[in-house]
Amino acid sequence: MAFEFMYIPIGVPTFHLESAQKEFDKSVELLKSIDKDVVVPDEMLLSIDKVNAFIEGKTPDLIIVQNITFANGAYIAEVLRKIDCPVLLWTLREPVIDGTRLRLNSLTGAYSAANVLHEFSRPFEYIFGSANEENVIKKVKSTVAAAKVKKALRALNIAQVGHTPQGFGFGRALDMEMMTTFGANLVSIEARELIDNAKSYSDDDIKSYLDDAKTRINGLDEIKENNVLDFARLYRAYDEFVKNNNIGALSSRCWPDFFTAFGTPVCSVLGILNDLGIAAACEADTYGALTMYISSFLTGKSAFFGDPVSLDEGENTVTFWHCGMAPCSLAREDTGACAGLHCNRKIGPTLEFGCKAEKEVTIFRIGKKADGSFRFFISGGEAMDKPQQFYGTSIVVKTESPSYDVVNNSVKAGWEPHFAVAMGDIKEELRALANMLGIEVEEY
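Cis geometry marks the peptide bond from W255 to P256, where omega comes out at -5°. Residue P349 follows G348 across a cis peptide bond; omega there is 0°. With respect to the element layout, P349 can be found in the loop between β11 (338-340) and β12 (350-354). In the Ramachandran plot, N105 falls in the positive-phi region, its phi being about 55° despite a non-glycine side chain. As for its placement among the helices and strands, N105 is situated in the loop between β3 (87-91) and α4 (106-119). Residue classification places N105 among the buried positions, given a relative accessible area of 16%. Positive phi values are uncommon outside glycine, yet N316 reaches one of about 60°.

Taking burial as the measure, the 6 residues of strand β1 (residues 5-10) include 6 buried ones, the bulk of the element. Neither face of β1 is open: one carries F5, Y7 and P9, the other M6, I8 and I10, and all of them are buried. Here β1 pairs with strand β2 (residues 62-67) via 6 bridges, running parallel. Following the sheet pairing, I8 is matched in β2 by V65.

Here we take up the packing of helix α8 (residues 207-216) against helix α9 (residues 225-244). Here α8 crosses α9 at 105°, and the two axes come no closer than 9 Å. Judged by the angle between their axes, α8 and α9 are roughly perpendicular. Only V228, L229, F231, A232, Y235, R236, D239 and E240 of α9 make contact with α8, whose side of the interface consists of Y209, L210, D212, A213 and R216. Tallied by class, residues from the contact of α8 with α9 come to 8 nonpolar, no polar and 5 charged.

Read across the open sheet, the 4 strands follow the order β6-β5-β7-β8; overall the sheet is parallel. The outermost strands of the open sheet, each flanked by one partner alone, are β6 (185-189) and β8 (279-281). Here the average twist between neighbouring strands, direction ignored, is 15°. In this structure, strand β5 (residues 157-161) lies alongside strand β7 (residues 249-252), joined through 4 bridges in parallel fashion. Looking at β7, one finds that V161 is bridged to S252. On top of the sheet, helix α12 (residues 286-299) reaches β5, β6, β7 and β8; it is set at about 150° to β8, its chief contact.

So, on to the packing of aromatic side chains. What the rule picks out here adds up to 16 aromatic pairs. Judged by centre distance (6.0 Å) and plane angle (40°), the ring pair of F168 and F170 falls under tilted. Judged by its relative accessible area of 22%, F170 falls in the partly exposed class. Look at F182 and F374: their rings are 5.1 Å apart centre to centre, the planes differ by 80°, and that puts the pair in the edge-to-face class. Highlighted residues: F182 in helix α6 (residues 175-182) and F374 in strand β14 (residues 374-383), separated in sequence by 192 residues. Side by side, F182 and F374 carry an identical accessibility label, which is buried. Taken together, F320, F377, W415, F419 and Y444 form an aromatic cluster joined through their ring pairs. Above the plane of the ring of F54 lies K58, whose end atom (NZ or CZ) is 4.8 Å from the centre. Across from the ring centre of Y201, 4.6 Å away, lies the NZ or CZ of R236, which sits over that ring.

Rules used throughout
- Residues numbered from 1 in each chain as written.
- Predicted model: local features only at pLDDT ≥ 70, side-chain atom pairs only at ≥ 80, totals over all residues.
- Heavy atoms only, no water.
- Helix = DSSP H or I, 4+ residues; strand = E, 2+ residues; numbered from the N terminus.
- Buried < 20%, exposed > 50% of the residue type's maximum accessible area, 1.4 Å probe, protein only.
- Pairing = 2+ DSSP bridges.
- Axes fitted to C-alpha atoms, helices over the stretch in contact; angles between N-to-C directions.
- Parallel < 35°, antiparallel > 145°, perpendicular 65-115°, else oblique.
- Contact = heavy atoms within 4.5 Å.
- Nonpolar A, V, L, I, M, F, W, Y, C, P; charged D, E, K, R; others polar.
- Phe/Tyr/Trp six-rings, centres within 6.5 Å; stacked < 30°, edge-to-face > 60°.
- Lys NZ or Arg CZ within 6 Å of the ring centre and 35° of its normal.

Here it is, written out as structure tokens:
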């Protein structure tokens, strides 16, 4: 079902309605510029009866409740009684301060509404200001985006291919935990099933997959032919599994099975899946895959997945790296995505490149505290114009905070060793999403 959000401007008719009407018109214009299908009333809702008539039978995924003037707590209580979804509470700035009458008294109304939200135990987002103010525009957009992610998660099938290697249990997910916290459905399959499927394909069966891969990866002809063909077999096996099961994200076991039981790594397949819109993480890190899914949903771009492996206090940078499964679309234009051999196993094809520069990035991780509760890691920065740092794929991030502090504090806080680097500034959206999901945020 399509995402739907609704604007509910509440108030009473005893304030300055000409000022209120101007704010109403500006607010509707802003919301329609964000989503032309936003549900808005034809007029300000200046009585509880009008509020009830407007919301009757509607099941939105987000409501924006605006005190167009003062309204007592009974107004929003009626809304909360009938609608259960994320809320953005919006207070308008008083339009004129001239020693005469109070035109709107929106702020007092917001306190009344917030008190009721608190009594209902409903988490909510909040913004103060008029519709033409930059902070308001940004907040409304980020809240709408977060609510869209929340809805998308409820329709997400996320696959766990195989088990995490020993010592990597931080990425292992439980089906009920995934569903109750995020709303997503966890699908599990053994890695050997996809390996067996891959082994069943003839060279003719995989020709189109091999042709496609050659348009994405440079130098495949320099890798042993049998490994390249087996890579294409894996590509088809994963692609068909994803399509047949409506998978939107997956984590996959990689070592040692794909080296020992199949003879060819799965790294490059995961990189391509990311560019096909399927968030894919290696080492069976399912919460890493979920982190990537959210990152890509909010930015519209593939996300990098990797370990923090190097710190440079002088440059204020942290390098993130992995063996060779980054999305090909992130490769530097001067090299493109190149084929190579796994740095430890010396078997290919893996992906080899440094990532291109990106003015704004967000380092993100869905993690767990020692008590089992979830938390979000959020940190901002810029992806630097740097060549490949090590065998495999790498991205160098100049962090907004001192890089030493980011590393030192996150290590001491016990964060997992895998992070996503999202190609854009999505910090505000992630804060809002965490609030909607009831998850703690830690910012670095």
